[in-house]
Amino acid sequence: MSASDQKQRRFPCVYMRGGTSKAVFFHQEDLPENEEEWPEIFMKVMGTPDVKQIDGMGGTVSSTSKIAVIKKSDRPGIDVDYTFRQVDIKIPRVDGSANCGNISSAVGPYAIDEGLVEAVEPVTIVRVYNTNTDKVIEEHVRVKDGHACMYGDEEIQGVPGTGSRIDMYFEDPSGSRSGKLFPTGAKQEVFDVPGYGAATVTVIDCSNPVVFIKSSDLGIKGTELTELNSNKDVMEHIERIRGMAAVKFGFVEDFMEARTKATSAPKVSIISEAQDYVNMDGADVSGEKMDICVRAISVGQLHKAYPMTVAVATGAAAKIPGTIVNEIVKDVPGDIIRLGHSSGVTEVDMKMDGEKVLKGGVTRTARRIMDGYVYIR
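All values derive from a computational prediction rather than experimental measurement. (Residues numbered from 1 in each chain as written. Predicted model: local features only at pLDDT ≥ 70, side-chain atom pairs only at ≥ 80, totals over all residues. Heavy atoms only, no water.)

**What to know about the pairing of strand β4 (residues 80–87)**
Next up, step 1: Within β4, eight of the eight residues are buried, leaving the element largely enclosed by the surrounding structure.
Next up, step 2: Here β4 shows a buried face lined by V80, Y82, F84 and Q86 and a second buried face lined by D81, T83, R85 and V87.
Next up, step 3: Where strand β3 (residues 66–72) meets β4, seven bridges bridge the pair, whose relative direction is antiparallel. Across the sheet, residue K71 finds its bridge partner in β4, namely D81.
Next up, step 4: For β4 and strand β6 (residues 123–130), the ladder comprises three bridges, and the chain directions are parallel. Bridge pairing in β6 places Y82 opposite N130.
Next up, step 5: Bridging between β4 and strand β5 (residues 94–95) involves two bridges; their strand directions are antiparallel. Looking at β5, one finds that Q86 is bridged to D95. (Buried < 20%, exposed > 50% of the residue type's maximum accessible area, 1.4 Å probe, protein only. Helix = DSSP H or I, 4+ residues; strand = E, 2+ residues; numbered from the N terminus. Pairing = 2+ DSSP bridges.)

Written as structure tokens, this is what we have:
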């Protein structure tokens, strides 16, 4: 073959950690104008489909197989537009039906360091419009010498060490896909799951579509970690419930279609009463330090921490009487809900007006890992 036949395509990019996830960030202007070309590019960037993702940047789990596309916004009161894509690992699919809250936390620092937003010390407020959900995220980023700070004292569960604190507020998060907080009009309902029987769930649309399932309805404790992935019967039970919720959202017509047509939405949260457990790092977590024990399922696998959009949805459901989350949490004074997840305990700050969700706040850290070019075949 000639030398010209050996050329690869290359795209400028930045590889960033946001919260407990990682993504390849692109300036939208560096990608083809025709967005129909993006999925093929993104799959090659990640090395999908391949369980090892050996020929790309993907890390073999959903939290490290992600793409963020950023551009300066022309919307009033908004600094940047942010488009998220979840790249599947095992099947050739790129899903844009949901947002990622963890990756959202890296958008502010990225925008500042890339010159899309003027750096203002000591804190720069970046207003982000997420195109997936048509919602606004306000990020308060610590800044020094014209750049987003990396070092700091903030510790988040699921990330080693400490970093600079980023305060995030998901504004008016209800109805991200359906236009309603409770798409079915019910705060809880019973699914007759084929092959398994009745399961009481709450289907909510807050920052992202989520279905909550009680661990007792799955026959598990709710403290399980990655061993859950090898329990094929329970994972099938969960996927069928998720598929039925996808039908309720209108994403698919048949619950079995969700496996290939709605892979990243709705998200799943398994809930149980506050209890002691050992987290992903082997550390003891006390039930006294949480208001509810939670586990998330993302793209068919246990999430090794807890998605921030799901945290906001959990906080909202915890504050609204009638949901199965509220029945477990009961009456928690103040705005803070403490969520005991796979990596530890995370707090979510919920601002409510009765049953209206005004905004949900979380704290994250983020870091630029690499910048340069990514090459694809």
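**Some points on the nonpolar core**
Where a protein is soluble and globular, its nonpolar side chains tend to be buried together.
Next up, step 1: Ranked by size, the top nonpolar core spans 59 residues in total, and within it F25, I70, V80, Y82, I204 and F212 carry the most contacts.
Next up, step 2: Once residues within four sequence positions are removed from consideration, F212 is found in contact with T200, V201, T202, I204, S269, I271, Y306, A313, T314, A317, I324 and V325.
Next up, step 3: Within the second largest apolar cluster, 30 residues are counted, among which are L225, L228, F255 and I297. (Core = buried A, V, L, I, M, F, W, Y, C linked by side-chain atoms within 4.5 Å. Contact = heavy atoms within 4.5 Å.)

**Let's talk about the environment of S264**
Next up, step 1: Mapped onto the secondary structure, S264 falls in the loop between α5 (258–261) and β13 (267–272).
Next up, step 2: Separated by 169 residues in sequence, S264 and D95 place their C-alpha atoms 6.6 Å apart.
Next up, step 3: What S264 contacts, discounting residues up to four positions off in sequence, is Q86, D95, S97, A98, R242 and V299.

**Section: the packing of aromatic side chains**
Next up, step 1: Applying the stated criterion to the full structure yields five aromatic pairs.
Next up, step 2: Residues F11 and F26 carry aromatic rings whose centres are separated by 6.5 Å and whose planes lie at 90° to one another, so their mutual orientation is edge-to-face. Remark: F26 occurs in strand β2 (residues 21–27) and F11 occurs in strand β1 (residues 9–18); sequence separation between them is 15 residues.
Next up, step 3: Residue classification places F11 among the buried residues on the basis of a relative accessible area of 5%.
Next up, step 4: F26 gets classed as buried once you look at its relative accessible area, which sits at 0%.
Next up, step 5: Ring geometry for F249 against F251: centres 5.2 Å apart, planes inclined by 10°, an arrangement best described as stacked. For the pair formed by F249 and F251, the shared burial category is buried.
Next up, step 6: Put simply, the rings of F11, F26, W38 and F42 pair up and form one aromatic cluster.
Next up, step 7: Across from the ring centre of Y129, 3.7 Å away, lies the NZ or CZ of R75, which sits over that ring. (Phe/Tyr/Trp six-rings, centres within 6.5 Å; stacked < 30°, edge-to-face > 60°. Lys NZ or Arg CZ within 6 Å of the ring centre and 35° of its normal.)

**Some thoughts on the environment of R165**
Next up, step 1: Turning to its location among the elements, R165 is positioned in the loop between β8 (147–148) and β9 (166–171).
Next up, step 2: Sequence separation between R165 and D30 is 135 residues, and the spatial gap between their C-alpha atoms is 30 Å.
Next up, step 3: Ignoring any residue separated from it by four or fewer positions in sequence, one finds R165 in contact with H140, R142, E154, T363 and R364.
Next up, step 4: A distance of 3.3 Å separates polar atoms of two side chains, one belonging to R165 and the other to E154. (Polar contact = N/O pair within 3.5 Å; in protein donor to acceptor, adjacent residues only side chain to side chain.)

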